[in-house]
Amino acid sequence: DGRWLELSELPDRIYRFTALLTNSVSFTPVLTNLHRLENLAKPTCEIVVYPDEPPTVKILSPSEEITARPDDVVRIEFEAQDDFGVAEAKLLVTVKTETNAALVTIPIPLKEQRGAKRVRQQIDLDLKQFHLKQDQELTYAVQVSDTKANLAAALPASTESNMNRPAASAAT
């Protein structure tokens, strides 16, 4: 926009500009000495700002509604992606009773995949811990967040989704 900004000198003859950038910016450093002489070569510098998109997550298996015994272990496999890296994953399990629904959050360790742009992970859901009774419904979703805490969640048999779009529902 043609503005001039004067920078203050820090120790060791360092000049620093600090700003929160939401758009790309170009600038030309002009150095002036005590005699008001400027640098002959005036380089143009550009900082390109990329918007941080929310992550996406998709459950790969089981890919649809299943029936399981109360003591089964269900292996859940998912894939998540983010433009800057997946920071965290959780399994959100809801057990419905006749009168209410209880939500249990189980962290999914990403180990060496933490911070990767594409994560493919499995977690075993041990149904014994929920003390399920005949015809009781348990649903689950995988929720991931990126390094800026943007969220995405997926349910079985749903397409990729982020928290700005509703995800389909499925029972397990």
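Here the structure is a predicted model, which means the values were calculated and not measured.

About the thresholds
Residues numbered from 1 in each chain as written. Predicted model: local features only at pLDDT ≥ 70, side-chain atom pairs only at ≥ 80, totals over all residues. Heavy atoms only, no water. Helix = DSSP H or I, 4+ residues; strand = E, 2+ residues; numbered from the N terminus. Rg over C-alpha atoms; globule rule 2.2 N^0.38 Å. Buried < 20%, exposed > 50% of the residue type's maximum accessible area, 1.4 Å probe, protein only. Core = buried A, V, L, I, M, F, W, Y, C linked by side-chain atoms within 4.5 Å. Contact = heavy atoms within 4.5 Å. Salt bridge = Lys/Arg side-chain N within 4 Å of Asp/Glu carboxyl O. Polar contact = N/O pair within 3.5 Å; in protein donor to acceptor, adjacent residues only side chain to side chain. Pairing = 2+ DSSP bridges. Axes fitted to C-alpha atoms, helices over the stretch in contact; angles between N-to-C directions.

How should the overall build of the protein chain be read in this particular structure?
Helix and strand content of the protein chain: 0 helices and 11 strands. Listing the helices and strands of the protein chain from first to last along the sequence gives β-β-β-β-β-β-β-β-β-β-β. For 172 residues, the compact-globule estimate of 2.2 N^0.38 gives 16 Å, and the protein chain exceeds it by more than 25% at 25 Å. Considered along the principal axes of its C-alpha atoms, the protein chain spans approximately 90 × 30 × 30 Å. Going through the 172 residues of the protein chain one by one, you find that 31% of them count as buried.

Please clarify how the nonpolar core should be interpreted in this entry.
Proteins that are soluble and globular tend to have nonpolar side chains buried together. Membership of the largest hydrophobic core comes to 26 residues, with the highest contact counts inside it found for Ile76, Leu91, Leu125, Leu138, Val142 and Val144. Going through the elements one at a time, strand E5 (56–61), strand E6 (73–81), strand E7 (86–96), strand E8 (101–108), strand E9 (118–126), strand E10 (137–146) and strand E11 (151–154) are the ones with two or more residues in this core. With 5 residues, E7 is the largest single contributor of residues to this core. Sequence-distant contacts of Ile76, that is, excluding residues within four places in its chain, are made with Ile59, Ser61, Pro62, Leu91, Gln121, Gln122, Ile123, Leu125, Tyr140 and Val142.

Mind showing me how you'd approach the pattern of salt bridges here?
Two side chains carrying opposite charge are able to pair once their charged atoms lie near each other. With the rule as written, the count across this model stands at 9 salt bridges. For the salt bridge of Asp71 with Arg69, the shortest nitrogen-to-oxygen distance reads 3.5 Å. The residue Asp72 makes a salt bridge to Arg69 at a minimum N-O spacing of 3.0 Å. Residue Arg69 is classed as exposed on the basis of its relative accessible area, which comes to 55%. The network of salt bridges with shared partners includes Glu77, Glu79, Arg118 and Arg120.

What am I meant to see in the side chain of Gln121 here?
Mapped onto the elements of the fold, Gln121 is located in strand E9. Among the residues examined, Gln121 registers a relative accessible area of 15% and is labelled buried. Within the local environment of Gln121, its side chain forms a polar contact with the side chain of Gln113, the two groups lying 2.7 Å apart. Contact partners of Gln121, with chain neighbours within four places excluded, come to Ile76, Glu77, Phe78, Ile108, Pro109, Leu110 and Gln113.

Please clarify how the pairing of E9 should be interpreted in this entry.
Side-chain positions along a regular strand alternate between the two faces of the sheet. The two faces of E9 differ: Val119, Gln121, Ile123 and Leu125 on one face are buried, but Arg118, Arg120, Gln122, Asp124 and Asp126 on the other face are not. Where E6 and E9 come together, 9 bridges link them in antiparallel fashion. Bridging from a neighbouring strand, Val73 pairs with Asp126 of E9.

It is not clear to me how the environment of Lys96 should be interpreted in this structure. Could you clarify?
Inspection of the secondary structure assignment puts Lys96 in strand E7. Residue Lys96 is classed as partly exposed on the basis of its relative accessible area, which comes to 38%. Distance from Lys96 to Thr139, taken between C-alpha atoms, is 8.3 Å for residues 43 residues apart in sequence.

Can you walk me through the sheet that holds E11 in this structure?
As a general point, the strands of a sheet are linked pairwise by backbone hydrogen bonds and lie either parallel or antiparallel. Taking strand neighbours across the sheet as the criterion, the 4 strands line up as E8-E7-E10-E11 in an open arrangement whose pairing is antiparallel. Edge positions in the sheet fall to E8 and E11, since each has one partner strand and no second. Pairwise comparison of adjacent strand axes, ignoring direction, gives a mean angle of 25 degrees for this sheet. Direction of pairing for E7 relative to E8: antiparallel, over a ladder of 8 bridges. Paired with Ala89 across the strands is Ile108, a residue of E8.

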